[in-house]
2 protein chains.
Amino acid sequence: MEDRVEISLLMDFYGPLLTEKQSEIMQWYYNDDLSLAEIAELNQTSRQAIHDLIKRCYKQLLSYESKLNLLQKSINRKKEIMNFLEHLKNKYSIDDEDIIKYKEKLENL
Amino acid sequence: MEDRVEISLLMDFYGPLLTEKQSEIMQWYYNDDLSLAEIAELNQTSRQAIHDLIKRCYKQLLSYESKLNLLQKSINRKKEIMNFLEHLKNKYSIDDEDIIKYKEKLENL
């Protein structure tokens, strides 16, 4: 269907805003690689119904991103952290080992 | 009604998920300090209708926070940035001036 990496990232940010059922089906389809037919059987519904639900959820995730931009901000943040650490390293001769530690720390803030 | 500072912060994070109308009324009430009666008049509706809308929006904002925790994460992030800068300053004798610059930079990441 759509780009799996993008959807997986969007799910990381906005998954909690979907219902439990929607979230479960998105996980099955995009992370666990179950087919539409398999998910339909597990839910005792049609392949088309699952297809529609996934499409609706994807649109919902895109809509959240268009309003909150959490994914885009996180991409920008990573770039800025790299620039910041580069500057820090040049100006204060910080150990490489520490730079790696700080990178991880700042990315998880 | 509820704590204005908390609501103002929640609006910073989740305001874009409200409708334009809801967002406008929340701004009027919590930022611009308009009364329920004034907002009701502007919207040609009752004071009670505005009161209910604001209450509903507040619950909606709390629901978003309970799912995404953006406000709580941002509070934690600020504390961790302070700790990180404290460590950096002690270990690499960073200028105070730079510490202030870095604090602002990291808080805006």
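Quantities reported herein were computed from a predicted structural model and do not represent experimental measurements.

Engineer: Before we move on, could you go through the pattern of salt bridges and cite the residues and values that matter?
Structural biologist: Oppositely charged side chains can form a pair if their charged atoms are brought close together. Residues and elements named next belong to chain A. Summed over the entire model, instances satisfying the criterion amount to 10 salt bridges over all chains. Asp33 is the partner of Arg4 in a salt bridge, and the nearest nitrogen-oxygen pair spans 3.2 Å. You can see Arg4 sitting in helix H1 (residues 4-14) and its partner Asp33 sitting in the loop between helix H2 (20-31) and helix H3 (36-42), a full 29 residues away along the chain. On the basis of relative accessible area, Arg4 is assigned to the partly exposed category, the value being 33%.

Engineer: Can you lay out the relation of the copies chain B and chain A for me, pointing to particular residues and giving the numbers?
Structural biologist: Note: a rotation about an axis with an accompanying shift along it relates these two copies of the chain. The two copies are related by a screw operation: chain B maps onto chain A through 180° of rotation and 0.0 Å of translation along the axis, at an RMSD of 0.1 Å. On this basis, the relationship between the two copies can be described by a two-fold rotation axis. It is Tyr92(B) whose C-alpha, among those of chain B, lies nearest the rotation axis, at 3.4 Å. The fraction of interface residues of chain B whose copies in chain A are also interface residues reaches 100%, indicating that both copies meet through the same surface.

Engineer: Tell me what's going on with the packing of aromatic side chains, and back it up with residues and numbers.
Structural biologist: Summed over the entire model, instances satisfying the criterion amount to eight aromatic pairs over all chains. Relative to Phe84(B), the ring of Tyr102(A) has its centre 5.0 Å away and its plane inclined at 80°; by these criteria the two rings are edge-to-face. Within this pair, whereas Tyr102(A) is found in helix H6 (residues 96-107), its partner Phe84(B) is found in helix H5 (residues 70-92), the two belonging to separate chains. Measuring from centroid to centroid gives 5.8 Å for Tyr14(B) and Tyr64(B), while their planes differ by 25°, and the two rings are stacked. A residue pair is termed long-range when its members are at least 10 positions apart, and Tyr14(B) in helix H1 (residues 4-14) and Tyr64(B) in helix H4 (residues 47-68) qualify at 50 residues. Exposure remark for Tyr14(B): the relative accessible area of 0% places this residue in the buried category. Ring pairing ties together the aromatic residues Phe13(A), Tyr14(A) and Tyr64(A), which thus form one cluster. For the cation-ring pair, Arg4(A) lies above Tyr29(A), with the distance from its terminal atom to the ring centre recorded as 5.3 Å.

Engineer: I'd like to hear about the side chain of Asn43(A), residue by residue, with values.
Structural biologist: Within the fold, Asn43(A) resides in the loop between H3 and helix H4 (47-68). If near-sequence neighbours (up to four positions away) are discounted, Asn43(A) is found in contact with Lys21(A), Ile25(A), Trp28(A) and Ile50(A).

Engineer: Summarise the interface of chain B and chain A; cite the residues concerned and give the values.
Structural biologist: Taken together, the contacts link 23 residues of chain B with 23 residues of chain A. Taken over both partners, the interface formed by chain B and chain A buries close to 2,300 Å², and the fraction arising from carbon and sulfur atoms is 69%. On the chain B side of the contact with chain A, Phe84(B), Tyr92(B) and Leu109(B) bury the most area, a combined 28% of that side's loss. Taken together, the connections running from chain B to chain A amount to two salt bridges. Of the charged contacts, one joins Lys91(A) and Asp98(B) as a salt bridge, the two residues approaching to 2.8 Å between their closest N and O atoms. There are eight residue pairs in polar contact (both at pLDDT 80 or more) connecting chain B and chain A. A per-element tally of the side of chain B that touches chain A places H5(B) first, with nine residues. Residue composition of the side of chain B that touches chain A, grouped by class: 14 nonpolar, two polar and seven charged.

Engineer: Could you give an account of the side chain of Asp98(B), with specific residues and numbers?
Structural biologist: The topology assignment puts Asp98(B) in helix H6 (residues 96-107). A polar atom in the side chain of Asp98(B) sits 2.8 Å from the side chain of Lys91(A).

Engineer: Lay out H2(A) with the relevant residues and their values.
Structural biologist: Each full turn of the α-helix corresponds to 3.6 residues, which orients residues three or four apart in the same direction. Residues and elements named next belong to chain A. Given a rise of 1.5 Å per residue, 12 residues ought to cover 16 Å, and the 15 Å separating the end C-alpha atoms of H2 matches this to within 8%. Along H2, the residues classified as buried are Ser23, Ile25, Met26, Tyr29 and Tyr30. Taken down its axis, H2 places every buried residue within 165° of arc, on the same side. The inward-facing, buried residues of H2 abut H1, H3 and H4. Taken from the residues just after H2, Asp33 is the one with a positive phi, measuring 65°.

Calculation criteria
Residues numbered from 1 in each chain as written. Chains lettered and ligands numbered in written order. Predicted model: local features only at pLDDT ≥ 70, side-chain atom pairs only at ≥ 80, totals over all residues. Heavy atoms only, no water. Salt bridge = Lys/Arg side-chain N within 4 Å of Asp/Glu carboxyl O. Helix = DSSP H or I, 4+ residues; strand = E, 2+ residues; numbered from the N terminus. Buried < 20%, exposed > 50% of the residue type's maximum accessible area, 1.4 Å probe, protein only. Least-squares fit on C-alpha atoms with pLDDT ≥ 70 in both. Contact = heavy atoms within 4.5 Å. Phe/Tyr/Trp six-rings, centres within 6.5 Å; stacked < 30°, edge-to-face > 60°. Lys NZ or Arg CZ within 6 Å of the ring centre and 35° of its normal. Buried area = accessible area lost by both parts, 1.4 Å probe. Polar contact = N/O pair within 3.5 Å; in protein donor to acceptor, adjacent residues only side chain to side chain. Nonpolar A, V, L, I, M, F, W, Y, C, P; charged D, E, K, R; others polar. Expected span 1.5 Å × (residues − 1). Arc of directions from axis to C-beta.

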